[in-house]
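# Understanding the architecture of this molecule
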Amino acid sequence: MGVSVVEVGRLDDARVAVGRQPVASMLSLVADALGAAPQGVPPAWRRTVRELCAPRAVEALRPAFAPGTFWLPDCLTPSPLDVDGVGAQLDRIRETDADTLYADLTADHPGGLPVGWQRVVDDPRGFMDAYLTLLRTVWERFAPRWHRAQGLLEQETQRIGAAAVTGAMYPVLRALSPRVTFTQTTLALPDPCAKAVALRGRRIVLVPLVSGVSASVLNVDLPDCVWFGYPLPGTGGLRGALAHASAPDRAEAVLGPVRARMLRLARSGPTMGQVSAALHCAPSAVTHHCNHLEAAGLVLRERQGQYVRVWQTETGERLIGLLG
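Throughout what follows, the structure given in this document is the object of discussion. Everything numeric here is computed off the predicted structure, so don't read it as measured data. (Residues numbered from 1 in each chain as written. Predicted model: local features only at pLDDT ≥ 70, side-chain atom pairs only at ≥ 80, totals over all residues. Heavy atoms only, no water.)

### Details of the nonpolar core
To be explicit about the condition: Here, the term nonpolar core denotes a set of buried Ala, Val, Leu, Ile, Met, Phe, Trp, Tyr and Cys residues that are joined through side-chain atoms within 4.5 Å. Note on exposure labels: buried denotes an accessible area under 20% of the residue type's maximum, exposed denotes more than 50%, and partly exposed covers the range between, all computed with a 1.4 Å probe on protein chains only. For helices the rule is a DSSP run of H or I covering at least 4 residues; for strands it is a run of E covering at least 2, with both sets numbered from the N terminus onward. Working rule for contacts: check all heavy atoms of both residues, and any pair within 4.5 Å makes them a contact.
If you look at the biggest cluster of nonpolar residues, it comprises 56 residues, and the most contacted ones within it are Phe65, Leu72, Leu76, Phe127, Tyr131 and Phe142. Tallying contributions element by element places helix α8 (residues 124-148) first for this core, with 12 residues. For Leu76, the residues in contact, after removing those within four places along its chain, are Ile93, Thr96, Leu101, Phe127, Met128 and Tyr131. In this structure, Val6, Leu11, Phe182 and Leu189 belong to the second largest nonpolar core, which totals 24 residues.

Encoded structure:
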């Protein structure tokens, strides 16, 4: 496994956010199950994903997930800051046209495409159908685990958000994963397409992965961010067989993803700046959503010196208790 090095520069100037997008975790599961890259996935999960992979699909996906190879062009990877559900993410990937796919592939292989990816260019539909069908099938089994992890993901989002606004990101990045190395100015990330890139004003998006104890998925080539996944702390408690039924987040279904997360965050009375960092939303957007929650009697705001804190009301607490 190679290593990509990201020149971050002065960490205090970097914009850091958290991406809670399950497709990244699903890619980690698939990479482990197909032997492309060990991710430390629980054996029961690995067996389930392998059983979902038809032999023809495994062969079609070999360019991306052959043993020792785990790489996808940008257009086929998730958008980690996108709050849309898995279905919307996969629909976006499905809409990728042949020209976009070819442009992404040649950008990463200027010396000529590997034989396997050349076959994908010649017949993109076979690869795309196998890829999207597998991810949708994996999501049907994986969704309950993802929803069970929401409490851990919320804690991690708050931890990273608090570190970002208090200037304490250095120890956080140093301790994210044994596979991630951070010095004063550079990040070293495991990457089969080893390269050296500069952050150049892009955001750093940290993506907690609900998959394995050594999970790692990344993309350092996007124009607006560098994102990389790391094992979500506490995922060991989620072990067990992957179930058939999914359990949608009822609070998100009622309030919407951003407002549901904001209401949960308000339990600890964060500042509006901490909420903005935790939700990776602009301050104006946070104020807009908070206005609606306050009008509904679910939160209240309180000024403390130069900060404004937001708290759950009793009604907000009862609603979260009811919806889970």
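Once the structure has been displayed, the description carries forward.
### Some remarks on the sheet that holds strand β8 (residues 225-231)
Heads up, the condition is: Any two strands with at least two DSSP-identified bridges between them are counted as paired. Interaxial angles span 0 to 180 degrees and are taken between N-to-C directions of axes, which are lines fitted to C-alpha atoms, for helices over the stretch in contact.
With respect to topology, 4 strands assemble into an open sheet ordered β2-β6-β8-β7, the strand pairing being mixed. In the strand order of this sheet, the two ends are held by β2 (16-18) and β7 (218-219), each with one partner. Two strands pair when backbone bridges link them, and β7 and β8 are joined in this way by 2 bridges, in the antiparallel orientation. Looking at the pairing, Asn219 lines up with Trp227 of β8. Lying on the sheet, helix α9 (residues 150-166) is in contact with β2, β6 (203-209) and β8; it crosses β2 at an angle near 170°.

### Observations concerning the pairing of strand β4 (residues 186-190)
Counted residue by residue, β4 has 4 buried out of 5 residues, so it is predominantly covered. Pairing geometry for strand β1 (residues 3-7) and β4, over 5 bridges, is antiparallel. Paired with Val3 across the strands is Pro190, a residue of β4. Pairing of strand β3 (residues 181-182) with β4 involves 2 bridges; the strand directions are antiparallel. The residue bridging Phe182 from the neighbouring strand is Leu187, located in β4.

### With respect to the sheet that holds strand β5 (residues 196-198)
Within a sheet, each strand pairs with its neighbour through backbone hydrogen bonds, oriented either parallel or antiparallel. Here 4 strands make up an open sheet; going across it, the order is β3-β4-β1-β5 and the pairing mixed. Edge positions in the sheet fall to β3 and β5, since each has one partner strand and no second.

### So, unusual backbone geometry
The residue Arg200 is not glycine, and still its phi comes out positive at about 50°. The topology assignment puts Arg200 in the loop between β5 and β6.

### Section: the packing of aromatic side chains
Under the convention used in this document: Pairing of aromatic side chains here covers Phe, Tyr and the six-membered ring of Trp, requires ring centres within 6.5 Å, and sorts the geometry by plane angle: under 30 degrees stacked, over 60 edge-to-face, intermediate tilted.
Counted according to the given criterion, the structure contains 8 aromatic pairs. Taken together, a centroid distance of 5.7 Å and an interplanar angle of 25° make the contact between Phe65 and Phe70 stacked. Taking 6.3 Å as the distance between ring centres and 50° as the angle between the ring planes, the aromatic pair formed by Phe142 and Trp146 counts as tilted. Of this pair, Phe142 and Trp146 both sit in helix α8, 4 residues apart, roughly one helical turn. Each member of the pair, Phe142 as well as Trp146, is classed as buried.

### Looking at the packing of helix α2 (residues 43-52) against α8
Note the cut-off: These descriptions rest on fixed angle ranges, namely under 35 degrees for roughly parallel, over 145 for roughly antiparallel, 65 to 115 for roughly perpendicular, and the rest for oblique. Note on convention: near helix rotated counterclockwise from far helix by under a right angle means a left-handed crossing. Clockwise means right-handed. Here the term charged refers only to Asp, Glu, Lys and Arg, the term nonpolar to Ala, Val, Leu, Ile, Met, Phe, Trp, Tyr, Cys and Pro, and the term polar to all other amino acids, Gly among them.
Direction vectors running N to C along α2 and α8 enclose 150°, while the axes themselves pass 10 Å from each other. By the criterion of interaxial angle, the relationship of α2 to α8 is roughly antiparallel. When you trace α2 past α8, the crossing you get is right-handed. Only Leu134, Thr137, Val138, Arg141, Phe142 and Arg145 of α8 make contact with α2, whose side of the interface consists of Trp45, Thr48, Val49 and Leu52. A class-by-class count of the residues in the contact of α2 with α8 yields 6 nonpolar, 2 polar and 2 charged.

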